[in-house]
Amino acid sequence: MAADNNVLLGLVEEFVSGQVDSKAADTSTGVKNGQFTVLQLVEALGVSLTSSQPQTRGRGVQLLSQVLQECYSGLSEREVEVLIAFYENRLKDHYVITPHVLRGLKALAKCSVLPPGSAVSILKSIFQDVHVQQQSLMVTERSCVYNILISLMESREEELKGLGADFIFGFVQSVDGERDPRNLLLAFQVAKNIIYRGYDLGKFVEELFEVTSCYFPIDFSPPPNDPHGITQEELILSLRAVLTGTPRFAEFLLPLIIEKMDSDVQSAKVDSMHTLAACGQTYSHKELAEFLPGLWSSIRREVFQTASERVESAGLSALSSLVSCLSRSVLNSDSEDSLQVFLNLVLKSDCQHHLCEPDLKLVWPSAKLLQAAAGASYRASLIGTQAVIPALLDQYNNRTQCAQRRTLLEVLQGFVQPTPLSRPADGVSCISTHTHEEESVLVAFQQSLCTVVFSALSETSAGLQVTATRVLTALSQQPGLLSQTDVENAVDHLTRLILEEEEAQVSLAVVECSGSLAHLHPHAFVSRMIPQLKEKILSGRVHTVMEKTLSGSLYECSGAVRRRCVAALASVSSQPSVVQESSPVLLQVLTSAHTGCCGFSVEEVIAVCISLQRIAVHARDNEAIGQFFHDIIIPRLLGLTLQAALQSKDSGHISPLTDEAVLSAIVPVISTACAALKPESASRMAAQAVSLFLDGDTSFLPENAFPSQIQPLQSQADSRGPSQLVCLLMACVCSLPRSVEIPDMDRLLVQLEDLSCTSPHLFSYTFASKCIAGLVNKRPAGAALNAVLDRVLKRVSLELEETSSTHRTQAFTLLIWVAKALLLRYHPLSTALTDKLFSLLSDSALGSLVADGFCVLMNDSPDVLNRDCHADVRIMYRQRFFTENSSKLVQGFNSAEQAKKSCYLKALSHIVNNLPREVQLTELPALLPLLLEALSCVDQGVQLSTLSCLQPVLLESPAALNTQLEALFTRLLALTTSPAMKVRMASLRCVHALSRLPEHMVMPFRARVLKALAAPLDDKKRLVRKEAVAARGEWFLLGSPGG
Amino acid sequence: MSGGTRLENANPLIFQRSGERLLTSTDEDEDVADPIDVREIFDLIRSINDPEHPLSLEELNVVEQVRVNVNDEESTVSVEFTPTIPHCSMATLIGLSIKVKLLRSLPDRFKIDVHITPGTHASEDAVNKQLADKERVAAALENSQLLEVVNQCLSSRGV
């Protein structure tokens, strides 16, 4: 013990007299491992602490404080008590010592064994003896005070509350005049704690408000190097939380807000309005009542001036918040209805008047203000709509110009559109009758609104019709508002428009509206719209054939009508009862197309498939729709396509259902539906599909009229034969949930492998490869999977090594898809396959194909191996692939002969282009030299890919660019004259991005760039010129005053 | 500019912005040349900022598409602009901004004429002469204070 004491004395001596700062760490270590106690340290410091020199005393306190900062968690209560008394006493000492004392107190404030009463004692000493803003305390010392407050508020809240108003006063004095942003964030946090945790503000409400509100609105710009990372937004939000935290600030804050909303500075206006919106969350009508006229006047002025969308939207949200607050307040028996009074103010002032003005000037600002108010609560919407809608309807009936009627209808839509707050509260339904529960604020106007909407739908103005469909959609979303008759009338109007309206914008709006209504009122569509669409789609064909001889344009016109009908069928089919009526119509089109009796074109068949797929999407939400696809639609699609494939050998007529584009359109119909099937249906689907393709079992197909001995997976010379239906097999079995077991998997894989490796037809062997990949991806790991992979890869290798083989392309296709399947699931064999692909980049015949194969690896495939198909896709597989392989790619590039380098660059571009932005930014600097060389490659595809890689990175200005700018500019400017339009555009975008690098880096290139960019200003393509204008404009501003 | 000074026109009428130009398939067809047309010129100048308000020239109706004329073959372009009030002292500055924007954005072969819409400004003749004088324009751009204001008008609009 005597020896330890000597060591301690030595450390103290060196720190205090020898000014050796590192001894503090040594002392801390000694205390932590039990060599000394803190009290022993204090004794050892005795001489220093009682020295007549303030600097020496300060040095002693400094050592003690630094040790405490390391060791405070191990202190005992007794030790803490003694130390606190010591430190409080030191606050009365010379000001030179104060900073060190504060640091020690900051450490002690974090002790979990703080004795009772210590928190109060510490704060009293600080408030009494430390003049935080007056005695030239440095930023860090002021920060200590705030942190002490925060720590004590966390651990000793009740004691501090016992201080009552004295605590508030002390805090106010401490923070008054603070300027540093870091400390302001701390001070705001303390203030927020005071307000939100229920401290007694006593008579210092105004003082606390003054000491925080003097910073409002925040005007802060981080310094150029931004060392502390504090943002203006952070300060704004912190201060706002303080100012809006208690209703007791209202009498001071609201006048301040009104004053700042009148400011010339736009950001001050916006901040004021956002702060006002936040007030609406905490205030009640009592606080707001006195200031409502002033607030309304300011909000109204700002919205009317429409100086900026930011100001406008902030004002509207503030208004909504006020109305919502007033609606929420519980009134006293003696107070007037604040909501009613305020809404009267809103309505009776200019807003309502402007809605009725002859020329509809200022109608939009007025409408927005009224809508913001009415949308804030159920009561507000009742009051607002009762006042406004009759006026709007009168105006509509009195106006004859379509433009004016459209404007009025758009305003009406804003009031009709339900907002969450404007619906009846759930609580109301406990009290109200059933009838009242369904009541909408619009019930009183239902008849008039429908009349207006239906008459607008009958107008010839496209704008008016589009707006009418939107109002109709909004009306239909009001529960119980539309009667059965109204719905039927609406459906009739929509049907007529679908059949007759040629304007694209109107057609689109009508189809969308039909979709919304059909979801809510399926029966009306089943009974009224679908029969008419069906008749037009199917019956119209006969007339069209005759009309075709009379007029070519009429044929096209009829085709357009049918396309709209087909699209409408998809749009309205979101409920099972509608699907059961609409999809048979679509299937009948396919049947007719197949038999050739009505002359449907391939394009029309594809449109039908797209509609079926849109319907299939709803199977995800509705089991009955999925079941309908399973029972009816998929078997019929398979049956039709099989008939078409078999028939093509015999008859002269070629069915559109053998067209690759049509089959490709059927794939997503089946895969979308299969992906949504329930386990039992999915298992049955798998069994049926496999037995059909493996064994020719057609028993589950409708119209059992197929020949026996069907072998769909056999490779055939006829490209339109059954083998191309493998795409439908893929759609069935590769989309099912992973838990569904595929029967006869091994036999199936063998057949697919044969087809994939030997078929002469790109479509067939590609889809066979995809099917194998889809199955392999989902198969559980184990011996069975490994056996399949061994066999497949052995065969692929054999084919690839035989350079004279006619099936090398097929083998490669299978390789790329299996590689993708394994990559997605992180299978260990993936690495070997990737290496194989890299080696093929140098292959003279396949190199370019392999490079593009990396696009397959990195991109999502829409029809297989994606999450919608329940594939096994691990997160971040792209990043992992890049991390593991980028260096191999670079090495391969460096060692490849010149003619082959472009394949490596193309592969790299595909990989990098699909990485998340953050990874690109991190990894790309290392690849920059390679990318620069890629820009010199003659292959325009490589150039374009590389430019696409570069542009987002240039926007983030990585430091690696510094040394490469000369080369970069030379290459980019050269590419602005590329023969390829897209390369010119992409290179100009990169040059534009470079203008945002730090000025000192790019100023040397300014003159050269401006001169070079003059040429593309005269490019023959407008899109290129546009990019050149944007880039050159930015480069002119560079380094120029005001730029 | 407006810090301590009273606004020249405190309460301007505000007009709606036009939509973006619609793309057509020929725009992406490399074999089809797209001549420089009126809409293209208008798109260059409509987003120029007014020196006095946080608004674009289009929103203040200072520039309109109907007042733009261009002939790509003859390399001529003519723009009329309409100050918001007849005594607007910003007229010269606005005209200069339009001229500079076009000088920076059009091929060198173009002859650029920028002038005030006839009958809309008290100092129409004087302003037009300044804008037509190539040397006056060049001298103005060497004045860094003037250039600063012009560049502010031409920089992308802030949020």
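So, how was this worked out
Residues numbered from 1 in each chain as written. Chains lettered and ligands numbered in written order. Predicted model: local features only at pLDDT ≥ 70, side-chain atom pairs only at ≥ 80, totals over all residues. Heavy atoms only, no water. Helix = DSSP H or I, 4+ residues; strand = E, 2+ residues; numbered from the N terminus. Buried < 20%, exposed > 50% of the residue type's maximum accessible area, 1.4 Å probe, protein only. Contact = heavy atoms within 4.5 Å. Areas by Shrake-Rupley, 256 points an atom, 1.4 Å probe, with all protein chains shown as cover. Buried area = accessible area lost by both parts, 1.4 Å probe. Salt bridge = Lys/Arg side-chain N within 4 Å of Asp/Glu carboxyl O. Axes fitted to C-alpha atoms, helices over the stretch in contact; angles between N-to-C directions. Parallel < 35°, antiparallel > 145°, perpendicular 65-115°, else oblique. Left-handed = near helix turned anticlockwise from the far one by under 90°. Nonpolar A, V, L, I, M, F, W, Y, C, P; charged D, E, K, R; others polar. UniProt positions renumbered as here; feature names shortened; annotations may be inferred. Phe/Tyr/Trp six-rings, centres within 6.5 Å; stacked < 30°, edge-to-face > 60°. Lys NZ or Arg CZ within 6 Å of the ring centre and 35° of its normal. Pairing = 2+ DSSP bridges. Core = buried A, V, L, I, M, F, W, Y, C linked by side-chain atoms within 4.5 Å. Right-handed = clockwise from strand over helix to strand, strands pointing away. Polar contact = N/O pair within 3.5 Å; in protein donor to acceptor, adjacent residues only side chain to side chain.

Draft legend 1. A look at the overall build of chain B. Along chain B, the regular secondary structure elements total five helices and three strands. Sorting the 159 residues of chain B into buried and exposed places 45% on the buried side. When contacts within chain B are restricted to residue pairs at least 6 apart in sequence, long-range pairs at least 24 apart make up 66% of them.

Draft legend 2. Focus on the overall build of chain A. A count of helical and extended segments in chain A gives 53 helices and zero strands. The buried share of chain A, reckoned over its 1043 residues, is 57%. In chain A, the share of contacts with a sequence separation of at least 24, taken over all contacts with a separation of at least 6, comes to 74%. As displayed, chain A offers around 42,800 Å² of accessible surface, 52% of which is attributable to carbon and sulfur atoms.

Draft legend 3. Quick look at the interface of chain B and chain A. Each partner contributes residues to the interface: chain B has 38 residues there, and chain A has 29 residues. In total, chain B and chain A occlude about 2,500 Å² of area from one another, counting both sides; carbon and sulfur atoms represent 48% of this. It is Glu-30, Asp-34 and Arg-104 of chain B that lose the most area in chain B upon contact with chain A, and together they represent 25% of the buried surface on that side. Here chain B is connected to chain A by five salt bridges. As a salt-bridge pair, Arg-109 of chain B and Asp-1018 of chain A come within 2.7 Å of each other at their nearest N and O atoms.

Draft legend 4. Expanded view of the packing of helix H36 (residues 660–675) of chain A against helix H38 (residues 726–733) of chain A. Residues and elements named next belong to chain A. Contact geometry of H36 with H38 gives a least axis separation of 7 Å together with a crossing angle of 20 degrees. One finds that H36 runs roughly parallel with respect to H38. Helix-helix and strand crossings are classified by hand; for H36 and H38 the assignment is right-handed. Residues Leu-663, Ile-666, Val-667, Ile-670, Ser-671 and Cys-674 of H36 touch H38, and the partners they reach there are Cys-727, Leu-728, Met-730, Ala-731 and Cys-732. Class assignment of the residues belonging to the contact of H36 with H38 gives a composition of ten nonpolar, one polar and no charged.

Draft legend 5. Representation of the UniProt feature "repeat: HEAT" in chain A. All names here are of chain A. Taking the numbering used here, the UniProt-annotated feature "repeat: HEAT" corresponds to residues 879–917, 921–959, 962–1000 and 1003–1041. Secondary structure across residues 962–1000 divides into 69% helix and 0% strand, with the first and last C-alpha atoms of the span separated by 11 Å. In residues 1003–1041, helix accounts for 59% and strand for 0%; the two terminal C-alpha atoms are 14 Å from one another.

Draft legend 6. Region of the structure containing the packing of aromatic side chains. All names here are of chain A. Taken as a whole and judged by the stated rule, the model has eleven aromatic pairs over all chains. Arranged with centres 6.3 Å apart and planes meeting at 50 degrees, the rings of Phe-854 and Phe-881 form a pair that is tilted. Placement of Phe-854 in helix H44 (residues 847–858) and of Phe-881 in helix H45 (residues 877–895) is noted, with a sequence separation of 27 residues between them. The exposure class of Phe-881 is buried, given its relative accessible area of 2%. Linked through ring pairs, Phe-209, Phe-249 and Phe-252 together constitute an aromatic cluster. Above the plane of the ring of Tyr-199 lies Lys-161, whose end atom (NZ or CZ) is 5.5 Å from the centre. When the ring centre of Tyr-196 is taken as origin, the NZ or CZ atom of Lys-192, which lies over that ring, is 5.9 Å away.

Draft legend 7. Representation of the pattern of salt bridges. Evaluated as defined, the whole model comprises 17 salt bridges over all chains. Asp-863 of chain A serves as the salt-bridge partner of Lys-770 of chain A, at 3.1 Å between the closest nitrogen and oxygen. Within this pair, whereas Lys-770 of chain A is found in helix H40 (residues 762–778), its partner Asp-863 of chain A is found in the loop between H44 and H45, the two being separated by 93 residues in sequence. A relative accessible area of 11% places Lys-770 of chain A in the buried class. You can call Asp-863 of chain A buried: its relative accessible area is 13%. A salt bridge links Asp-43 of chain B to Arg-39 of chain B; its shortest N-O distance comes to 2.9 Å. In this pair, Asp-43 of chain B and Arg-39 of chain B both sit in helix H1 (residues 38–45), four residues apart, roughly one turn of the helix.

Draft legend 8. Highlighting the pairing of strand S1 (residues 68–71) of chain B. Residue and element names in this part refer to chain B. With four bridges connecting them, S1 and strand S2 (residues 76–81) associate as antiparallel partners. Bridging from a neighbouring strand, Val-70 pairs with Val-77 of S2. The hairpin formed by S1 and S2 contains four residues between the paired strands, and Ser-75 there has a positive phi angle of roughly 60 degrees.

Draft legend 9. Inspection of the nonpolar core at higher detail. If you look at the biggest cluster of nonpolar residues, it comprises 402 residues, and the most contacted ones within it are Phe-167 of chain A together with Ile-98 of chain B. Excluding anything up to four places from it in sequence, Ile-98 of chain B contacts Ile-45, Ile-48, Leu-57, Val-63, Val-79, Phe-81 and Val-114 of chain B.

Draft legend 10. Focus on unusual backbone geometry. At Leu-865 of chain A, a residue that is not glycine, the phi angle is positive and equals roughly 55 degrees. By the secondary structure assignment, Leu-865 of chain A is in the loop between H44 and H45. Even without being glycine, Ser-75 of chain B reaches a positive phi, approximately 60 degrees. Assignment of secondary structure puts Ser-75 of chain B in the loop between S1 and S2.

Draft legend 11. Quick look at the pairing of S2 of chain B. All names here are of chain B. For S2 and strand S3 (residues 111–116), the ladder comprises six bridges, and the chain directions are parallel. Across the sheet, the residue bridging to Val-77 is Ile-112, located in S3. With helix H2 (residues 91–105) bridging S2 and the parallel S3, this β-α-β connection has right-handed handedness.

Draft legend 12. Looking closely at the side chain of Asp-72 of chain B. All names here are of chain B. With respect to the helices, strands and loops of the structure, Asp-72 is situated in the loop between S1 and S2. Of the polar contacts made by the side chain of Asp-72, one reaches the backbone nitrogen of Ile-36; its length is 2.8 Å. Those residues in contact with Asp-72, other than ones at most four positions away along the chain, are Pro-35, Ile-36, Arg-109 and Phe-110.

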